[in-house]
Each structure stands twice: as structure tokens, then as C-alpha cells.
Amino acid sequence: MPGTISRRKLLRTGGQAIIAGGAAVCAGSALPAVAASRPKVKGVDYYQKLGVATFINAAGTYTTLTASTMPDEVQAAVALAALHPVHLIELHEAAGQYLAKRLRCEGALVTAGAASALTLGTAACVTAGNDADILSIPTDMNSLKNEVIVQKSHRYDYDHAVRNCGVRFVEVETLEQYEQAFNERTVMTHFFNAGEEHISREDWVRVAHKHGVPCFNDAAADVPPISNLWNYTQMGFDLVTFSGGKGLRGPQCTGLLLGRKDLIEAARKNNSPNSNTVGRGMKVAKEEIVGLVAAVDWFLAQDDAAMEAEYRQRAERIAGALKSVPTVQTQIFIPAVANHVPHLVITYDQSRVKIAAKEVMEKMRQGTPRIELNPGTGGPPASAGLPGGSNTIVVGVWMMQPGEDLIVAKRLRDVLQGAAAA
Ligand SMILES: *Cc1c(COP(=O)(O)O)cnc(C)c1O
């Protein structure tokens, strides 16, 4: 829903596209040959055949923009996995053990995205210790625990994934209300990691455990830093999810469910390939399981400081190209929790540069190559202390391919310079 991104959502979700042949169009301006730096892959280009335009991702990891592209190592692992059949359950279990070890938690499950992990983790809390209940979800909940406590400010667009299990939310706003919300029907407490912090993570976990109730943390868009992959399970959250296709750059349709061994085991039982379960429609294929494991290996081999430096340099190069445009000001902004990477925020005096940011976004989209800016462009402030409004452009640089920052810089300069001359 790029058109309806709210303030809280601005820099939260994620996406990235495959670099088009479009880079070649820029030959003549002293830009590196971006497309040439990608490995040659044999086969039919179905984007071309279907007439679907690729674009340069200057947005970030947004689901509708296909979130991220897989690094070469991950693509190679997927291609190799596609060559041979395996037993799906054996693969799931081996992948889970490997991931749990690498991510320093008791158990792990590859899911069909973080949203699927929310459903399976909730189902695990409902059915742990009683497999017969798996069949009851979501319609026959009368004899089952079915209340999930959540902070009112943590209700969000992914609620439905939890409610798929036939549970209902009980909202609290203060620590005192949280303490009092537990009863014999409480099955889980849910925390949105990038949500507003009225009750701290530590208090959230402590109180849930005092009542013997497991707590779930949705950290879908919250790597980097790399250490977040174990920070929240080690903080005591019983279940934690990360999207596989955002910062981790695995297959877009994957997610990680991490946490307590018994709950991960229960989640597995509620999942595909088990037929009569809430998770049967959330199948993860062998290519995707292997792809996510390879993506985790790739991500753990990265370095937080090096990634940040690279993204900062991209943002600075774009800012540098805009220096000559009258009234333009730039600022590098790193969201505190989700999408915790440098973004470039560009503002200008609209009486001098006569174009609305939304219109800039449209011009970038319509040019060649197509460029997608961050959906926060032209919207309300992304965060306290930041500029915002119809004269604000946000550039997400972290999902760009090498060299694309220069293409984006040139095109932005042309559009803004043109509007200044008008
Ligand atoms: C993206 C996101 C999800 C969903 O992740 P998928 O992997 O696309 O299913 C869930 N929660 C939050 C907070 C997200 O940002």
C-alpha cells in the first residue's frame, strides 16, 4: 500500500528489485556499467517476456516493491537446492537445528514470511502440550486459551496473522494494566519491536513470565544490527520473528521463527506439510528453506560498521550531487529501531523549487530506468526532529546495487534543477 504509508510505517517495512537493463540507458554520463557488474544468468528473462518493468530501489525493503534481492551466494544456493528432491520434514528439521545454533537460540523454524511466523507462533502457544487442539484452530476455541495481551500502541497491520488462530487481543496501555490483564484464558503476550515504548521490553517479558505466559516479539524489519538476531531471544522473549526477505535478503516469501524449543516444535506441528493445520497454506519449499539458511550465513558474514559506512557513502554521494540546486538541504537519518540504516532526507523551498515531492516521486518512476523513492516521500515527518511534508524526499539507499546511487543522484538533480528553473 505505498500510497497509504502512515508515519509509523514510513521507514519500517522493506523491499528491493532486480536491477534492470535500464542502466545501459545512462551510458554517456560518466556512470559505471551497473548491469555489467551482475553475473550473467542463463535462461529466459520473464520480466521482459511478461512486460514487467524492473526498477532501481531507492526506497528500502518494502513488500510491494519485492523487498530485497538475494545476494549471489544465496541465489546459487537456491539454484543448487532446486536440482534434487529431499524429504521436506528432514530439511525443515536440519535447517532449524542449524539456524538455532548459528542464531544462539533453542529452536528455529523457516516460515513463509514473518506474518506466517506470527500465525504459527500463536498457534504454538495455543496448542503446546496438546496436539489435539491443532485441529480446533481457529473455529473451536471455547475450551482453549484464546486471549493475547498487547499494548494498544502495538496494534498494527499484521494483527490479522495472530487473529488467524481464533484468538482475540486484550489491549493495555500501562504496566499496571498489563499486570492486571492476565487470567486463565491468557495464552500469549505480543510485542511489536518497532512500536512505541510505553512498557519496556524487559518489563514486558518479566511480567509475562511471572504469570507463566509466553511472549512473542515481532522484529520483522529489525536487522541490522546483526546482533538483533539473538538480542531478543536472549532478553527472554519466548518467540521472535524476522522477515527473511527484508534486511536478511533471503527469498522474499520466507521468515524466521526463533525461540523456545517446545514452542518451535509446536509451531512445526501447526505448519505445512501437516495437512489439517492453520499453517498448511503457508508452505515453504526446499529452495526457500535453503535460501533462507544461505541468507543467514551471508548476513552473519557481514559487518555492521562496514554496511553503515557503505550506505552512508551512497547517501553522501547523492547529497553531493544536489548541492547546486537552490535551497536544497540534505540530512542523513537512521531510524532508531526498524530499517536501522542511513537514509537520505532531502528538503527544499517549494517557492524556489516548484514541485511537490510526490510529483518528484512520480517523475522518477516514469523515467528510464524506473526509480522508486521511499514511500515516505512527500508525507508527514518520518520521526521526531525530522523535516517532513510536501517538500521532503526520502531516499532509501541500502537496497541499491553498486553504482545505482549515481544514477539516482543524477536523475534527482535533473528533476529538481528543472523545477528550480521553471
Ligand atoms: C514486514 C513485516 C511483517 C511481515 O513480514 P513478511 O516476511 O512479509 O511476512 C510483519 N511484521 C512487521 C513489523 C513487518 O515490518
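The coordinates are above.
Given the structure is predicted, the values throughout are model-derived calculations rather than measurements. (Residues numbered from 1 in each chain as written. Predicted model: local features only at pLDDT ≥ 70, side-chain atom pairs only at ≥ 80, totals over all residues. Heavy atoms only, no water.)

Throughout the structure, instances matching the rule amount to 8 aromatic pairs. Aromatic side chains Tyr156 and Tyr158 sit 5.5 Å apart centroid to centroid with 75° between the ring planes, which places their arrangement in the edge-to-face category. Looking at Tyr156, the relative accessible area reads 9%, which means it is buried. When the ring of Tyr178 is compared with that of Trp204, the centres are 3.8 Å apart and the planes differ by 0°; the resulting orientation is stacked. Taken together, the positions of Tyr178 in helix α6 (residues 175-180) and Trp204 in helix α7 (residues 201-210) put the pair 26 residues apart, joining distant regions of the chain. Judged by relative accessible area, Tyr178 falls into the buried class, the value being 0%. Note on Trp204: relative accessible area 0%, which makes it buried. Feature note: the residues Tyr178, Phe182, Phe191, Trp204 and Phe237 constitute an aromatic cluster, connected by ring pairs. Here the guanidinium or amino end of Arg104 rests over the ring plane of Trp230, the centre of that ring lying 3.7 Å away. (Phe/Tyr/Trp six-rings, centres within 6.5 Å; stacked < 30°, edge-to-face > 60°. Buried < 20%, exposed > 50% of the residue type's maximum accessible area, 1.4 Å probe, protein only. Helix = DSSP H or I, 4+ residues; strand = E, 2+ residues; numbered from the N terminus. Lys NZ or Arg CZ within 6 Å of the ring centre and 35° of its normal.)

In this section: empty space enclosed by the protein. In this approach a probe as big as a water molecule rolls over the atoms, and the regions it shows empty are the leftover space. Counted according to the given criterion, the structure contains 1 cavity of 30 Å³ or more. By volume, the largest cavity is sized at about 30 Å³. Together, Gly247, Arg249, Trp298, Phe299, Met307, Tyr311, Trp398 and Met399 line the largest cavity. When contributions to the lining of the largest cavity are tallied by element, the ones reaching two or more residues are α10 (286-300) and α11 (304-321). (1 Å grid on protein atoms, 1.4 Å probe; cavity = no way out; pocket = protein on both sides within 12 Å on 5 of 7 lines; lining within 4 Å. Points joined across faces, edges and corners; volume = space filled by probe spheres on them.)

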